[in-house]
Amino acid sequence: MGTKKVKISSVKRAAHLKQKRNPLTKQQQHKLAQQKAAKEKGQNIFIQKARKKDDVFQRKKQNKRESLGMPLGDQGDDMDDDELLDNVADMLDGEDLEFLEMKRGKYRKRKYAGNEEADDDDLRHAVGLEKRFAEDTALEDATKKIKVDLLPFKSRDGEIITRTTEVDYKPKPKVKKVEEEGEDEAQETDQEEGDSQEEFEDSDDDVVNDEEGNAIKTAAVQKMVSTTDLLIARQQEIERQKYRIGIICSGILEKPEDKMRNFNALFELMDETDKAGVPNLLTVRKVAIVSLTEIFKDILPEYRVGQIDTKMQTVRKATLERVTFENALLQHFKKFLQKLEKLTAAVNRKGHGRVTPQSVKIAEVAVQGMCDLLMSHPYFNYVKNIAQLLVYMLNSNYPRMREAVNNCFRYVFGHDKKLEMTLFIIRRINHLIKSKNNVVHLECISCLKALKIKNVNLDAEKENELKQKKLEAHRQRLLNLSKKERKRRKKLTELNKELDETRAEENKQTKHAKLTEIVKMLFTIYFRVLKNDPTSRVLSAILEGLAEFAHVINLDFFSDLIEVLNNILETQEDLGYREQLHCIKTIFIILSGQGEVLNIDPIRFYQHFYRNMLAVHAGKNHEDFLIILQTLDEVLVKRRRNMSQHRLMAFIKRLLTVSLNLLHHGTLATLGTIKTTFQLTSVLDILLDTDDSIGSGKYDPELEDPEYCNASCTALYELTMLSRHYHPIVRKMATHIANGVPASGEGSLPSEIGKLTAFDLFEQYDSTQMAFNPTIPVPRQTEPKFKKGPHNYLSEDFKPFYKAMLKDDMQAPKRNSCHIFDFYKELKCK
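Residues numbered from 1 in each chain as written. Predicted model: local features only at pLDDT ≥ 70, side-chain atom pairs only at ≥ 80, totals over all residues. Heavy atoms only, no water.

1. Overview of the overall build of the protein chain
Part 1 of the reasoning: Helix and strand content of the protein chain: 34 helices and 6 strands.
Part 2 of the reasoning: Residues counted as buried form 34% of the 830 residues belonging to the protein chain.
Part 3 of the reasoning: Of the contacts formed within the protein chain by residues at least 6 apart in sequence, a portion of 68% connects residues at least 24 apart.
Part 4 of the reasoning: On the protein chain, roughly 54,600 Å² of surface is accessible, and the fraction owed to carbon and sulfur atoms is 51%. (Helix = DSSP H or I, 4+ residues; strand = E, 2+ residues; numbered from the N terminus. Buried < 20%, exposed > 50% of the residue type's maximum accessible area, 1.4 Å probe, protein only. Contact = heavy atoms within 4.5 Å. Areas by Shrake-Rupley, 256 points an atom, 1.4 Å probe, with all protein chains shown as cover.)

2. Quick look at unusual backbone geometry
Part 1 of the reasoning: Cis geometry is adopted by the peptide bond preceding P774, which originates at N773 and carries an omega value of 5°.
Part 2 of the reasoning: Mapped onto the fold, P774 is located in the loop between α32 (758–764) and α33 (798–811).
Part 3 of the reasoning: Although it is not a glycine, N437 adopts a positive phi angle of roughly 55°.
Part 4 of the reasoning: Its place among the elements puts N437 in the loop between α17 (420–435) and α18 (443–446).
Part 5 of the reasoning: In this model, V741 sits at a positive phi of 45°, which is unusual for a non-glycine residue.
Part 6 of the reasoning: Tracing the backbone through its elements, the reader meets V741 in the loop between α30 (728–738) and α31 (751–754).

3. Let's talk about the environment of S250
Part 1 of the reasoning: Checked against the element boundaries, S250 lands in helix α10 (residues 227–254).
Part 2 of the reasoning: A C-alpha to C-alpha distance of 9.4 Å links S250 and I295, two positions 45 residues apart in sequence.
Part 3 of the reasoning: A distance of 2.8 Å separates a polar atom in the side chain of S250 from the backbone oxygen of G246. (Polar contact = N/O pair within 3.5 Å; in protein donor to acceptor, adjacent residues only side chain to side chain.)

4. Points about helix α24 (residues 577–592)
Residues spaced three or four apart along an α-helix point in a common direction, a consequence of the helix completing one turn every 3.6 residues.
Part 1 of the reasoning: For α24, spanning 16 residues, the distance from its first C-alpha to its last is 22 Å, which sits close to the expected 22 Å at 1.5 Å a residue.
Part 2 of the reasoning: Among the 16 residues that make up α24, 14 are buried, leaving the element largely enclosed by the rest of the structure. (Expected span 1.5 Å × (residues − 1).)

5. Digging into the pattern of salt bridges
Part 1 of the reasoning: Within the structure shown, the criterion is met by 15 salt bridges.
Part 2 of the reasoning: Its salt-bridge partner being R240, residue E237 comes within 2.9 Å of it at the nearest N-O pair. In this pair, E237 and R240 are both assigned in helix α10, 3 residues apart and thus about one turn of the helix distant.
Part 3 of the reasoning: Its relative accessible area of 16% is what places R240 among the buried residues.
Part 4 of the reasoning: Measuring nitrogen to oxygen at the nearest pair gives 3.6 Å for the salt bridge that ties E364 to R400. Placement of E364 in helix α14 (residues 357–376) and of R400 in helix α16 (residues 399–415) is noted, with a sequence separation of 36 residues between them.
Part 5 of the reasoning: Relative accessible area serves as the criterion here: at 59%, R400 is assigned to the exposed category.
Part 6 of the reasoning: Here the salt bridges share partners, and the residues they tie into one network are K449, E544, R578 and D624. (Salt bridge = Lys/Arg side-chain N within 4 Å of Asp/Glu carboxyl O.)

6. Quick look at the packing of helix α25 (residues 603–612) against helix α27 (residues 645–659)
Part 1 of the reasoning: Taken N-terminus to C-terminus, the directions of α25 and α27 make an angle of 15°; their axes are 11 Å apart at the nearest point. Between α25 and α27, the angle falls in the class roughly parallel. The interaxial crossing formed by α25 with α27 has left-handed handedness. Between α25 and α27, the residues in contact are I603, Y606, F609, Y610 and R611 and R647, A650, F651 and R654, respectively.
Part 2 of the reasoning: For the contact of α25 with α27, the class distribution of residues is 6 nonpolar, no polar and 3 charged. (Axes fitted to C-alpha atoms, helices over the stretch in contact; angles between N-to-C directions. Parallel < 35°, antiparallel > 145°, perpendicular 65-115°, else oblique. Left-handed = near helix turned anticlockwise from the far one by under 90°. Nonpolar A, V, L, I, M, F, W, Y, C, P; charged D, E, K, R; others polar.)

7. Considering the confidence of the model for the protein chain
Part 1 of the reasoning: Here the protein chain averages 78 in pLDDT, while 72% of its residues score no lower than 70.
Part 2 of the reasoning: Low pLDDT (under 50) marks residues 73–79, which in the prediction has 9 contacts with non-local residues, meaning those over four places away or in another chain.
Part 3 of the reasoning: Ignoring residues within four places in sequence, the model shows residues 175–202, a span with pLDDT below 50, making 48 contacts including any to other chains. (pLDDT = per-residue confidence, 0-100.)

8. Structural notes on a nonpolar patch on the surface
Part 1 of the reasoning: Residues L660, Y717 and M721 make up a contiguous nonpolar surface patch of about 290 Å² in total accessible area.
Part 2 of the reasoning: Structurally, the position occupied by L660 is in the loop between α27 and α28 (664–680).
Part 3 of the reasoning: L660 sits in the partly exposed class, given a relative accessible area of 36%. (Patch = residues over 30% accessible without salt bridge, like charges linked within 9 Å, V, L, I, M, F, W, Y side chains within 5 Å.)

Spelled out as structure tokens, the structure:
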């Protein structure tokens, strides 16, 4: 228990030191003891009242003696009233003596009776006042409320919101300081008046030790409660523990160096039971884990803490304090990670015992806490242990854990500049997939798409060999240089090195080596699955990753990779349309890059792509149209020179047919692709001609080969339907293409729409977030117009006849409010 330091005055310190140098004699000690006793005795209110009464009595006694002519002095002072009356009685006789005796008896009765009654009344009155004051004070403390500041939080708009709450007032116990005794009485009086101070206990010790909670738990165990009372008590306990956790965390964040012991109280709340064996509530355990995670995110340093042996080497005081704090912080961080690992082990496949819903929930919070620590401090101590455990949780049976780890790794891959953590995670994922024989969840592969891989040359080894030969030849030339030239070249090399250090640039060769190792490990994972288990459930993610990183594949693997993908398309009958589209996309990306030098005819892949274009519609799989759009960019734009006219027309016709089955932003993307193709190729103008006599054959839309479907014998009649589309931009785009994509004049597009690509149109006009673009104007408020037209009658006599009939019915008295006129009956009666 910590206490506050109290300053001691110079007078007090001098008296204390003087007492130590010159011990007091027995007489001085006895005198000081008497003075202290007299002082304590004088502080009692009842003694003060008694002294006042005694002083009044002594003054009356003295006045009486003066009236009787008695001498004043020591002898008179020692006499009491009885002795005084005896002396007066000796001087009297007869009737005077009898009268004096009678008065003397009445005086004694009145004196003793009056003193006793007065003392009893004063005592009862004083005790009543004290009791009433104590009751009023207790009642005031019980009803008194004080405001306490809670932890602030940040809203979604970035505004810091502060909160306060009212709690019961609880006076803090006071510990009075022991007064030191001085030698001189004047010094002691000054010390008591000027230096009497009190000390209080530390502000959060009672909260950390949870004295109130222990008393509540002890009282709750001793009685039976109902279900309603139990729920109320549970909510109250949760609120009380939240308040306690907030106070503890505030103390740690205020000054971590002095509040390291508060971590133990939070660790105790993470466990299933506390020290007394009472179970902790699940909500309280979650709040404790989240609070500890946020504390470590705030107070952990950005650098890696090293170990310094202070016993073997001498350090300064400030350095020693810093090292002590860092070592203590590292120990608490390690203990926290061990507790989190224990919570996650309860739900793993190798965990012992039965898995309960509560253990799964607490494990999800633990996994999220480790993910937050890895993202915020990727270079601190023990983060590799966190990454290794999270890689194992990436293949967990619980989707929320896999999703949390997947998002964490994607963030690390995108923000890791040193590439150390990225390389470590890739190696652990490779080891996991290899040990599980490729039977893993989809998240183990899909997280690899977030890798930032650009301009990596896997042929660097061959280039390094050639470079090594050139350097060797250059070295031979340097040996033949003069001594002056070699000295100048050496100084120039040192200067360039110093310049690089001044710029604080990382060694590019080391970073490039790490990136190359990451790419090799990545394609090792992909090719192993394609070779050993082409029917795996992660095939879709593998093909998607290959399509993403096909631009960095080594040229030597292109032929084999295309053959493997073709076998998958031909032999896998149960292969889904999504996997087929990814295969086709990967192949065309390879052939559009370095694969142009390969002598490969992709006609079979055109057929697969032409057939699978109709699999996407505006239903559940509309998001997969983005794969088709990316493949179309490779096929119709980048490889348009390698396609025949019939095949190009067939793809345009099929694409426009697909646009009728898509949402408006997908339709806009198809029209944007068609517009770009029309601008780059002039042979497509024949599709805008409605004369079907041109060309030979008849268009067959069901034929799977685009080369022989005779698309030149048809027209783009879908543009007529799209010109009446509900979306205004679709109508403009359809009219623009139908007019032959003019740059200006009738049918031209506005500049802000014409410069958008197909991908920009697909993203900008997406309304899946319930935001229609452009904004729909609010309709004007108008009153409806009722038009009264003339009535035509076949018989001219019928009009006055039915008017007279209605008039008679209106004039007839109503029998009830629900009277109904029967026109047919009245007409029949007439």
